[in-house]
Amino acid sequence: MRTLVCRFLIVVTLCLPLALWAQDTSTPNYSDWDSFASNVESVLRDGAPDDADLEDTRATLVAWRGAFLDAQSANAARIETLQAQTKSLGAAPEEGGSEPNDVTVRRAELAKQLETATAPVRQAEESFTRADGLIGEIDSIIISRQTDALMELGPTPLNPVIWPQAIKDISDTALNAWSVAYDNLRKPSLQATLKANGAGIVFLAVLAVFLLLRGRKYTELVSQKVQGFVSGQAGRGVSGFVGSLGQVIVPVVGLLALAQAAKITGILGERGQAVSQALPAIGFAYFAARWLSSRVLYETETAQDAFDLSAAQQREASGHFTLMALMLALNALLADLAQIDSYSSETLNVLRFPLVVLTALSLFRLAQILVSADRIQEAMMGPMEAGNSSGGFVALMTRSVAKILRPAALIAILLGAIGYMPAAIGIVYPSVLSLALLSGLLVGSRFVSDLYCTIVRRDPEDADGLVPVLISIGLFAGAVPLFALIWGMRPDQLWEIWSLMQQGIPLGDAKLSIPDVLTVLIVFAIGFGLTKLLKAALGSTILPKTRLDRGGQQAVVSGTGYVGVFLSAVVAIMAAGIDLSALALVAGALSVGIGFGLQNIVQNFVSGIILLIERPVSKGDWIEVGGQMGFVRDISVRSTRIETFDRTDVIVPNADLISNAVTNYTRGNSLGRVTLKIGVAYGTDTRRVETILHEIIEAQSGIASGLSPQVLFMGFGADSLDFEVRAILSDVTTILKVTSDVNHEIASRFIAENIEIPFAQRDIWLRNPEALHGRPPDSATTLHTNTNINTEFEPVAQDQDTDIEGSLSEGDTA
């Protein structure tokens, strides 16, 4: 086995320069590659070496694979040209067919040239597949070893027999560290070094003590003063976030100064150096945990706490968060000390178990606090409102993860007690790091949201709720690789996934990869931004100086927006190298879907374009369609929004505006006619009424100048002498106000002029009233009713009597 390992290392050492040279040339050296790949295959077949050697070999294979991937695009332009030339000759004749001799000769020449040009590409593809397969084999070996190590069963830490040895080992570590420091301090050479570096050591020590004891307080004071100079709630949130970072940075700098002072003394041995170097990490874990808990669990400048905890719950949750961070840092220190003193597996399990138990219990209790608060919030507000109350997407994810942490903590304690310490550690500490990362994402999303509100000069309460959610989703998506690393994925595996995504997925004759997607998004975003700028320039600067009316300007701006978005999409797709002809199949499938499921949407879309071009209806017009009347407030590509007179919005599909009858009261101008009908009693002087009505209507301020109102005597009605007043209004939208004012004036003038407005009076004759009351016939009984219908009627004649075939109750007048 040792011989195999040595041979493997020699092969890697000799071939690594060749791999680097192969990267720098346009054509890989395939003979060197065959030799290297054969040796790797032989070593993997006989028995793989340790993980470090496998990682080195894998890195070399990745370099080769990258060179082969680049080589696949060699001669691409030449191959494309030859294929186009061959295609220009037409289809090859079928078996038994013939074509001109010169065409046959030319086709053969092009086929030979194409074969020569594609030969390196095929060789690169074959080598790429071989390298990719070897990388997959190495990944499988490493993952298998990691799984075996994770599920390795060791001695149970609950066995009292191994406790004395564990206590002795950790005590020996402490005593050895002290004795080495004491012995070094007695050495004259180190004493001279201390005297020479005394000033620097004292300065660093004083600086460390000052930063640790007073630094956080002064940082908080500076942050408060800075916030006093910042205007706006979002601006104070940004400045408060930046200032709060000093709560972590300043004390950690103090610990770094203390560790550097201890290092300069030279009295610390290997164990003491490990402890001093771990101090900044332990301090960072402590202060970072306190900072995260204060930003997440407590109310900040612009946001409430994400979980609506009580004051007692906030203090307890913050304590558990800090304790878990300290246990995580102490576990790392224990691993360093165990490597120095070569602890046995029994000692390691005994020393690690208390750290795992404390971490798991804190994790369990913290998750219990968050879940209980979430249940209370759901009971008070409902599930939907509680999920949307605060914190955004990341807070929702944190609440969901908290429900999983409780069983995970119990399982970790159980596994550690049995002896599966690697599995217990693999559950507890990644859970703590994941929770810390989620908390950091929540704080980061709030900061970016506040920064956005500061830039656009909005308060967080007035900002669009979609922006913080998108920010949270984007941050969470960007942190997915970090979650993968926390839970044991190797960086090489992440790069492998990235490499596969870069290779892309086939899309017709092209491949759609991550760079292509990013190119599409960036180019489209640029085109969309330019379209927005062009629309703003047209709407605010260019079109107002033309003779187009407001509806025409709106149509031009809307049309420019649609065309700009379409061109941006086309240019973005072409910039990514995607052949639009490759989308023909997709377009065909979409056309079938459009023909069946999207018919109404397409109809409304086409109708919207017609509305923007013909402009029978414009923004601001007063229209009536389908029994709905109101003002047009917006015309989109699918529908039109109408605001009715009771201030409600009616969404009308554009197809209804094209296919149905539409009354536009303000198309072209705002003139409109008002018509009022008035009845006066018989016997009234009609000329006098006409004069009065003329005076009333001409005195109105809303009447269009140059268009005289008309007062017409329309005829003799059954109840009154009928008049009609017609006038053209300069603004038809004031028709109700003008009608009301004219009616008030007519009522007051008619009273002053003693002109009567009649109301109806009718006599109803009942035949055979004895049948209604069960008594002998009597004289006819008359039932008088008065009905106010603007006319007074004379008693009707006998031949106009009205028969009633019903029955009256005893209380009716007969």
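Being a predicted model, the structure only gives us computed values, none of them experimental. (Residues numbered from 1 in each chain as written. Predicted model: local features only at pLDDT ≥ 70, side-chain atom pairs only at ≥ 80, totals over all residues. Heavy atoms only, no water.)

Caption draft 1: Expanded view of the overall build of the protein. Assigned secondary structure in the protein consists of 27 helices and 12 strands. A burial count over the protein gives 36% of its 814 residues as buried. Across the protein, every contact between residues at least 6 apart in sequence was considered, and the portion connecting residues at least 24 apart equals 73%. Element-wise, carbon and sulfur atoms account for 61% of the exposed surface of the protein, whose accessible area totals about 45,500 Å². (Helix = DSSP H or I, 4+ residues; strand = E, 2+ residues; numbered from the N terminus. Buried < 20%, exposed > 50% of the residue type's maximum accessible area, 1.4 Å probe, protein only. Contact = heavy atoms within 4.5 Å. Areas by Shrake-Rupley, 256 points an atom, 1.4 Å probe, with all protein chains shown as cover.)

Caption draft 2: A look at the sheet that holds strand β9 (residues 710–716). What the 3 strands build is an open sheet, ordered β8-β10-β9; its pairing is antiparallel. This sheet does not close on itself; its edge strands, each paired only once, are β8 (672–680) and β9. Along the sheet, successive strands turn relative to each other by an average axial angle of 20°, direction set aside. Two strands pair when backbone bridges link them, and β9 and strand β10 (residues 721–729) are joined in this way by 6 bridges, in the antiparallel orientation. (Pairing = 2+ DSSP bridges. Axes fitted to C-alpha atoms, helices over the stretch in contact; angles between N-to-C directions.)

Caption draft 3: Up close: unusual backbone geometry. If you check the backbone angles, serine 342 has positive phi at about 55° while not being a glycine. Position of serine 342 relative to the elements: it lies in the loop between α12 (311–341) and α13 (345–381). For serine 342, a relative accessible area of 60% translates into the label exposed. With phi around 65°, arginine 647 is a residue other than glycine that occupies positive phi space. Turning to its location among the elements, arginine 647 is positioned in the loop between β5 (639–644) and β6 (649–653).

Caption draft 4: Just the nonpolar core, in detail. Of all hydrophobic cores here, the largest spans 58 residues; its most connected members are Leu309, Val356, Leu363, Leu366 and Leu435. Elements represented by at least two residues in this core include exactly α10 (246–265), α11 (270–297), α12, α13, α15 (392–418) and α16 (421–456). Per element, the largest residue contribution to this core is 14 residues, and it comes from α13. With 21 residues, the next largest nonpolar core counts Leu693, Ile697, Ala727 and Phe750 among its residues. (Core = buried A, V, L, I, M, F, W, Y, C linked by side-chain atoms within 4.5 Å.)

Caption draft 5: The arrangement of the packing of helix α25 (residues 686–698) against helix α26 (residues 735–752) in detail. The interhelical angle for the contact between α25 and α26, taken along N-to-C directions, is 140°, at an axis separation of 10 Å. Relative to α26, α25 is oriented oblique. Crossing of α25 over α26 shows right-handed handedness. Packed against α25, whose contacting residues are Val689, Ile692, Leu693, Glu695, Ile696 and Ile697, the element α26 presents Val742, Glu745, Ile746, Arg749 and Phe750 at the interface. When grouped by side-chain class, the residues that make up the contact of α25 with α26 number 8 nonpolar, no polar and 3 charged. (Parallel < 35°, antiparallel > 145°, perpendicular 65-115°, else oblique. Left-handed = near helix turned anticlockwise from the far one by under 90°. Nonpolar A, V, L, I, M, F, W, Y, C, P; charged D, E, K, R; others polar.)

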